[in-house]
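Read off the chains here:
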Amino acid sequence: MQSKRILVTGANGQLGSEMRRLGMASPNEYIFTDVAELDITDGAAVKSFAAENNIDVIVNCAAYTAVDKAEDDEAMAELINATAVRNLAEAAKEVDATLFHVSTDYVFGAEGNTPRTEDMPTNPLGVYGRTKLHGEQAIAEVGAKAIIIRTAWLYSEYGNNFLKTMLRLTKERETLSVVFDQVGTPTYAGDLAMTIFSIIEGDYYKGNEGIYHFSNEGVCSWYDFAREIATAMGHSCNINPCHSSEFSSKVTRPPYSVLDKTKIKRTFGVDIPHWRESMIYCLKRIVMQQRAEQ
Ligand SMILES: NC(=O)c1ccc[n+]([C@@H]2O[C@H](COP(=O)([O-])OP(=O)(O)OC[C@H]3O[C@@H](n4cnc5c(N)ncnc54)[C@H](OP(=O)(O)O)[C@@H]3O)[C@@H](O)[C@H]2O)c1
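This report concerns the structure included in the present document. (Residues numbered from 1 in each chain as written. Predicted model: local features only at pLDDT ≥ 70, side-chain atom pairs only at ≥ 80, totals over all residues. Heavy atoms only, no water.)

## Topic: helix α9 (residues 275–293)
Between the first and last C-alpha of α9 there are 27 Å, a value that for 19 residues agrees with the 27 Å anticipated at 1.5 Å per step. Taken residue by residue, α9 has W275, S278, M279, C282, L283, I286 and V287 as its buried positions. Tucked inside the fold, the buried residues of α9 contact β6 (154–155), α5 (162–172), β9 (187–188), α6 (189–201), β11 (220–221) and α7 (222–233). (Helix = DSSP H or I, 4+ residues; strand = E, 2+ residues; numbered from the N terminus. Expected span 1.5 Å × (residues − 1). Buried < 20%, exposed > 50% of the residue type's maximum accessible area, 1.4 Å probe, protein only. Contact = heavy atoms within 4.5 Å.)

## Comments concerning the site of the ligand
In the vicinity of the ligand lie 25 residues, with L15, D34, T65, Y128 and K132 positioned nearest. A distance of 2.9 Å is found between an oxygen atom of the ligand and a backbone nitrogen or oxygen belonging to L15. In the environment of the ligand, an oxygen atom lies 3.1 Å from a nitrogen or oxygen atom belonging to the backbone of V102. Expressed as a share of its isolated accessible area of 900 Å², the protein-covered part of the ligand is 78%. Breaking the shell around the ligand down by element, the ones donating at least two residues are α1 (14–23), β4 (98–104) and α4 (127–142). (Near = heavy atom within 4 Å. Polar contact = N/O pair within 3.5 Å; in protein donor to acceptor, adjacent residues only side chain to side chain. Areas by Shrake-Rupley, 256 points an atom, 1.4 Å probe, with all protein chains shown as cover.)

## What about the packing of α7 against α9?
Interaxial distance between α7 and α9 falls to 11 Å at its minimum, and their mutual angle equals 50°. Relative to α9, the element α7 is oriented oblique. Handedness of the α7/α9 crossing: right-handed. When α7 is examined against α9, the residues D224, F225, E228, I229, A232 and M233 are found in contact with a partner set consisting of W275, R276, M279, I280, L283 and V287. Partitioned by chemical class, the residues of the contact of α7 with α9 number nine nonpolar, no polar and three charged. (Axes fitted to C-alpha atoms, helices over the stretch in contact; angles between N-to-C directions. Parallel < 35°, antiparallel > 145°, perpendicular 65-115°, else oblique. Left-handed = near helix turned anticlockwise from the far one by under 90°. Nonpolar A, V, L, I, M, F, W, Y, C, P; charged D, E, K, R; others polar.)

## Points about the sheet that holds β4
Strands sit in the order β2-β1-β3-β4-β5-β10 across an open sheet of six strands; the sheet is parallel. Edge positions in the sheet fall to β2 (29–32) and β10 (210–213), since each of these pairs with one other strand and no more. On average, adjacent strands in this sheet sit at an angle of 20° to one another, irrespective of strand direction. Sheet analysis places strand β3 (residues 57–60) next to β4, joined by four bridges and oriented parallel. In the sheet register, I58 faces β4, and the bridge partner there is L99. Against the sheet, α4 engages β4, β5 (145–151) and β10, with an angle of about 160° to β4. (Pairing = 2+ DSSP bridges.)

See below:
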């Protein structure tokens, strides 16, 4: 198999950092960039980078992910989540590369209570979801070869996320209220990165372009997730279930966010861990990291 050159954008984020860990151990050449090295909103820069570096695969881990902030910052969210994705798709098409792009469960709306398949109608409830959907549509309009993976409830040892917030709050506080009326599946960024990495390394993306769903296995509410984090860490915080309406937010979040992963499992033979197993794995890595820093 010929060696490939893979451009990873947004490589300092949660998913990008996990891709970094994996890519460094590959016989293929991974080139990691974040906004300082390659601003994906700069179309000319993206195109010349892809051409000059003979890129075969682009993995876009860059995004505007601040869901609440996006409501007041639509132009920037659209620029990063849609216009920049068009830039990447055009660059990929020019050099005949395949684009791996990551999208979100937020492209779906409030209706329905069965696991979401890739062909179900989209109906984003806010700016973030709408701009992410525009990113998906831009790829289709350009006609680039692409694997779009929608994921949900992403966490990792890197950056800020629900798992790290709960790790801290359940240690600091005696009681905590967490919503039980939003249901989905936590996704460990390391598992998503491993899936993308395996598909690239095995050349399985060729001829399998399309939209796929990926999260860990199982289903829970944010309340259940918080309780499991506290239990695993031995934190005695009393966690109470509450309604989303008890928190003021500019965005309505999809109440049912469970993704159906049948297509990605059948197409690529992916073996996906249950969310509890991956949560424990990630917590262990965080604890080990904290000990190493002390
Ligand atoms: N987080 C979730 O819960 C979640 C859920 C569903 C889907 N997703 C999707 O999963 C993907 C990965 O999410 P994540 O949580 O890993 O994101 P993240 O941690 O927010 O990382 C995104 C990275 O992109 C960088 N970036 C922003 N603008 C850029 C630009 N113009 N050019 C190059 N890089 C830029 C960011 O830099 P700065 O930090 O400096 O801005 C950051 O390093 C995204 O597509 C996201 O929409 C995430």
